[in-house]
Amino acid sequence: MKNQNFWYGKRVLVTGADGFVAANLIKKLLGLGAVVVGTVRHNRPIKTLELLDEGEEKSSSPDIEFNDLLDFAATRRICDRHQIDTIFHLAAISIVSNAANSPISTIENNVETTLNLLEVARTNNIPRVVIVSTDKVYGDHANDTEETLPYREHYALRGLDVYSSSKVAADMIAQTYAYQYKLPVMITRACNIYGPGDLNFTRLIPRTIMRLMEGKAPVINIGNEHVLREYIYVDDVVDAYLLLAEKTNEYYGQNLENMPSSGAKTYGWSAFNIGNYDKKDLAEVKKCDRIQSVTDIIALLGARIKKIEPVIIPKPVNFIEIPDQYADASKIRQLGFSPKTTMSDGIAKTVAWYTKHQEQLAPLAEKYMN
């Protein structure tokens with residue numbers, strides 16, 4: 001009897017396969033019976049997917065291609081050779097401080113690679129393309145009287161730091177391919193993602209966990225103590241990505257009949273906020289437990305590991321901090337998405353994973369311990 005699961009036998013390309021969310025996505029796709037090809041640029045000493053699979057039986061593995069996505073011809077050959085029918089584009093320079101220090105490299109890797117993937121999808125008539133953007137593209141809307149928080153998909157994209165602006169450019173190019181070339185693109189703009197497999201120790205949650213486990217004080221950039229951020233557990237984000245790919249044809253409609261052709265309805269039409277709440281929920285932000293201040297997140301982690309008073313440190317000179325950030329996820333919820341992981345459960349699972357892998361992760365985290 002034929003497997004009725006949507007992903008069974010789909011031939012899926014996941015770029016940035018050794019990244020945090022990509023590795024979790026690949027793990028889920030393999031479990032659903034997809035044939036997964038992952039692209040990476042480097043052979044890293046610690047592989048995220050192997051850490052996630054440690055101690056578990058796995059039925060299959062991804063086919064890993066070492067490839068620079070800046071090489072259009074090589075990227076197209078991968079899609080041809082593997083007969084790819086679905087693309088999830090996650091590869092990017094995502095460490096904000098690295099982006100600030102390397103603007104040319106960041107623009108190349110975040111913008112040109114997206115353009116190459118979209119052009120491959122266009123020329124190969126690939127029917128499902130998920131481009132991973134971020135809520136950072138919205139920039140500062142905290143005191144806006146016209147486009148007030150929470151973020152909505154039609155809002156102006158105002159990211160002004162190098163990382164955010166590179167994602168704005170990639171986001172807009174993806175929207176262009178949807179409209180000008182009628183390419184079925186779904187763009188994701190997720191809030192702060194956390195969970196097992198995040199090896200970016202510049203981020204608040206991984207860095208704080210590793211510091212607390214070593215008995216060291218958490219650190220907060222001066223002025224950031226009370227800024228609000230929305231957090232979503234990685235498993236929920238993976239579910240959102242899969243849902244958007246599954247719903248692409250339905251959302252665009254037969255012969256793309258659902259696409260608005262002009263005016264305000266076109267703004268952000270192919271984009272989806274990925275978060276925890278809809279407009280009704282966000283009427284009372286204080287009751288939304290997955291929107292927390294930096295201080296509150298540190299307190300949650302301290303309660304699980306060890307309570308140590310945080311220290312305030314200066315901001316890097318070229319660091320731009322966006323004020324409060326949280327998004328209205330009504331649009332994707334209308335497609336059937338509903339996050340399953342509470343903040344309490346997500347933090348517990350995350351701390352447990354880092355505790356299990358502390359010895360392996362310590363060398364990678366060492367730079368951020370002092």
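Every residue gets a number counted from 1 within its own chain, in the order that chain's sequence is written. Per-residue local features are limited, in this predicted model, to residues with pLDDT of at least 70; the limit for side-chain atom pairs, both in listing and counting, is 80 or more; totals at the level of whole chains, interfaces and linings are taken over all residues. Where side-chain values are given, they derive from all heavy atoms of the structure, hydrogens and water being excluded.

A.B. asks: Before we move on, could you go through the pairing of strand β6 (residues 185-190) and cite the residues and values that matter?
C.D. replies: Across the six residues that make up β6, a large majority, six, are buried. The cut-offs for exposure are 20% and 50% of the maximum accessible area for each residue type, with area from a 1.4 Å probe on protein chains only; residues under the lower value are buried, those over the upper are exposed, and the others partly exposed. Secondary structure elements follow DSSP: runs of H or I no shorter than four residues count as helices, runs of E no shorter than two count as strands, and numbering proceeds from the N terminus. Both faces of β6 are covered, namely the face carrying V185, I187 and R189 and the face carrying M186, T188 and A190. Think of it this way: DSSP has to see at least two bridges between two strands before they count as a pair. Bridge count for strand β5 (residues 128-132) against β6 is four bridges, and the pairing is parallel. Considered in β6, the bridge of V130 is made with M186. Examined bridge by bridge, β6 and strand β10 (residues 271-274) share four bridges and lie parallel to one another. Following the sheet pairing, R189 is matched in β10 by N273.

A.B. asks: I'd like a description of the sheet that holds strand β3 (residues 63-66), backed by residues and values.
C.D. replies: Strand order in this open sheet of seven strands is β3-β2-β1-β4-β5-β6-β10, and the pairing throughout is parallel. Only two strands of the sheet have a single partner each, and these edge strands are β3 and β10. The mean inter-strand angle of the sheet, taken between neighbouring strand axes irrespective of direction, is 20 degrees. Across four bridges, the pairing between strand β2 (residues 35-40) and β3 is parallel. Note that in β3 the partner of G38 across the bridge is I64. Only heavy atoms matter for contacts: two residues are in contact if any of them lie within 4.5 Å across the pair. Here the axes come from fitting lines to C-alpha atoms, over the contacting stretch only for helices, and the angles between their N-to-C directions go from 0 to 180 degrees. Contacts from helix α6 (residues 162-180) reach β5 and β6 within the one sheet, and its direction differs from that of β6 by about 155 degrees. Contacting β4 (86-89), β5, β6 and β10, helix α8 (residues 234-246) crosses the sheet at an angle of about 155 degrees to β10.

A.B. asks: Just give me the short version of the packing of aromatic side chains, but keep the residues and values in it.
C.D. replies: Classification of ring pairs rests on two measures: the distance between centres of Phe, Tyr or Trp rings, Trp counted by its six-membered ring, which must be within 6.5 Å, and the angle between planes, read as stacked under 30 degrees, edge-to-face over 60 and tilted in between. Under the definition given, this model contains 10 aromatic pairs. Pairing W7 with F88 gives two aromatic rings, centres 5.9 Å apart and planes at 40 degrees, and the pair type is tilted. Taken together, the residues W7 in the segment before β1 (11-15) and F88 in strand β4 connect sequence positions 81 residues apart. The exposure class of W7 is buried, given its relative accessible area of 1%. Given the relative accessible area of 0%, F88 is considered buried. Aromatic pair Y177 and Y181: ring centres 4.8 Å apart, planes at 50 degrees, arrangement tilted. Judged by its relative accessible area of 7%, Y177 is buried.

A.B. asks: Account for unusual backbone geometry, naming residues and giving values.
C.D. replies: Residues L149 and P150 are joined by a peptide bond in cis, for which omega reads 5 degrees. The phi dihedral of N125 is positive, around 55 degrees, even though this residue is not glycine.

A.B. asks: Describe the sheet that holds strand β7 (residues 192-194), listing the residues and the values that go with them.
C.D. replies: One open sheet accounts for three strands, arranged β7-β9-β11; its pairing is mixed. Only two strands of the sheet have a single neighbouring strand rather than two, namely β7 and β11 (291-293). With direction set aside, neighbouring strand axes in the sheet form an average angle of 45 degrees. Sheet topology note: the strand β9 (residues 228-233)/β11 ladder contains three bridges and is antiparallel. Bridge pairing links L228 to S293 in β11. The strands that α8 touches are β7 and β9; relative to β9, the one it contacts most, it runs at about 75 degrees.

A.B. asks: Can you explain the environment of G38? Please cite residues and give values.
C.D. replies: Mapping G38 onto the fold places it in strand β2. Exposure remark for G38: the relative accessible area of 0% places this residue in the buried category. Sequence separation of G38 and T248 is 210 residues, and the distance between their C-alpha atoms is 21 Å. Beyond its immediate chain neighbours, meaning those up to four positions away, G38 contacts V14, A17, D63, I64 and E65.

A.B. asks: Now, about the pairing of β2: what can you tell me, with residues and values included?
C.D. replies: Side-chain positions along a regular strand alternate between the two faces of the sheet. For β2, the buried fraction is high: five of the six residues fall into the buried class. Both β1 and β2 contribute to a ladder of five bridges, which runs parallel. Across the sheet, the residue bridging to L13 is V37, located in β2. Taken together, β1, helix α1 (residues 20-31) and β2 form a β-α-β motif whose crossover is right-handed. For a crossover, the right-handed case is the one in which the path from the first strand over the helix to the second runs clockwise, viewed with the strands pointing away from the viewer.

A.B. asks: Please provide a residue-by-residue account of the packing of helix α10 (residues 294-304) against helix α12 (residues 343-356), values included.
C.D. replies: Remark: α10 packs on α12, axes separated minimally by 10 Å, with the N-to-C direction vectors making an angle of 55 degrees. By the angle between their directions, the pair α10 and α12 is classed as oblique. The handedness of the crossing between α10 and α12 is right-handed. When α10 is examined against α12, the residues I297, L300, L301 and R304 are found in contact with a partner set consisting of M343, S344, I347, A348 and V351. In this classification, Asp, Glu, Lys and Arg are treated as charged, Ala, Val, Leu, Ile, Met, Phe, Trp, Tyr, Cys and Pro as nonpolar, and every other residue, Gly included, as polar. Of the residues that constitute the contact of α10 with α12, the class distribution is seven nonpolar, one polar and one charged. Note on terminology: angles under 35 degrees are roughly parallel, angles over 145 are roughly antiparallel, angles of 65 to 115 are roughly perpendicular, and the others are oblique. In this scheme the handedness of a crossing depends on how the near helix is turned from the far one: anticlockwise by less than a right angle means left-handed, clockwise means right-handed.

A.B. asks: Before we move on, can you summarise the pattern of salt bridges with the specific residues and values?
C.D. replies: Where charged atoms of side chains with opposite charge meet at close range, the side chains can pair. Each salt bridge in this description consists of a side-chain nitrogen of Lys or Arg and a carboxyl oxygen of Asp or Glu lying within 4 Å of one another. Evaluation of the coordinates by the stated rule reveals 17 salt bridges. Here K28 and D239 are joined by a salt bridge, their closest N and O atoms 2.7 Å apart. Residue K28 is located in helix α1, and its partner D239 is located in helix α8; the two are separated by 211 residues in the primary sequence. For K28, a relative accessible area of 33% translates into the label partly exposed. Between D144 and R158 there is a salt bridge; the shortest N-O distance is 2.7 Å. One end of the pair, D144, is in the loop between β5 and α6; the other, R158, is in the loop between β5 and α6, and 14 residues separate them in sequence.

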